[in-house]
Every structure is written in C-alpha cells, then in structure tokens.
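# Topology and contacts: notes
Residue-level listing of the chains:
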Amino acid sequence: MCYYQSFYRLGLEKYLDLLISSLCSKKYNYRIAAVNFLFDIVNEPNKSKILRVLKQHLITEKCETIIQLVKEKVTRIENMSF
C-alpha cells in the first residue's frame, strides 16, 4: 500500500482506486493502513471521493477500532480547507 500512496502522489491516478480497495482487505492492519494512507493523500481534487468512500466504509466495517479511526479521519477531512 505504501507504493500505491507514492505512485498516486507522483500523479498516477489509478493507484487511488487500488488504495481504496485495500479497505476491503480481510487483514485488520491493512484496513487501518488504508485509512491512514487515504487521510495522508487528501487534497482538494480528491477530498469528496475519499470522504464518500470512508463514509461508505463505516456501513460495512465490523471492527470498532477501525470504525473509530474512520470517524476521526472523516471529521478531520471535513474540517480541512485548501
């Protein structure tokens, strides 16, 4: 996933979708990393997409720790100004 984040920052847009797909991983630590990486790459052009994806993820996520992390990141993203 670190590669996805780096490639996206270099301008390769398709890696955002690959990073988003990591939210569906069966591995707890991958889902946490995906939330954190998505938060790290938020900018004005992708803010609405990342917010939408994170809010949708709240519906399906079962782990309370990840739910709380997503809620925290959503609140912080909503308060971001560019």
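Going by the structure above, here's the rest.
Residues numbered from 1 in each chain as written. Predicted model: local features only at pLDDT ≥ 70, side-chain atom pairs only at ≥ 80, totals over all residues. Heavy atoms only, no water.

### Remarks on the environment of Ala33
Condition: Strands are runs of DSSP state E lasting at least two residues, helices are runs of H or I lasting at least four, and both sets are numbered from the N terminus onward. Working definition: with a 1.4 Å probe on protein chains only, accessible area under 20% of the residue-type maximum means buried, over 50% means exposed, and in between means partly exposed.
Tracing the backbone through its elements, the reader meets Ala33 in helix H3 (residues 28-40). Residue classification places Ala33 among the partly exposed positions, given a relative accessible area of 23%. Along the backbone, Ala33 and Val74 are 41 residues apart, and their C-alpha atoms lie at a distance of 15 Å.

### Concerning the pattern of salt bridges
Keep this limit in mind: Take a side-chain nitrogen of Lys or Arg and a carboxyl oxygen of Asp or Glu: if they are within 4 Å of each other, that pair is a salt bridge.
Inspection of every chain in the model, using the stated rule, returns four salt bridges. Across the pair Asp17 and Lys49 runs a salt bridge, and its minimum N-O distance is 2.7 Å. Here Asp17 is found in helix H2 (residues 14-21), whereas its partner Lys49 is found in helix H4 (residues 47-60), with 32 residues between them in sequence. Glu72 serves as the salt-bridge partner of Arg76, at 3.6 Å between the closest nitrogen and oxygen. Placement of the pair is Arg76 and Glu72 together in helix H5 (residues 64-78), with a separation of four residues, close to one helical turn. Judged by relative accessible area, Arg76 falls into the partly exposed class, the value being 42%.

Just geometry here; none of it tells us what the structure is for.
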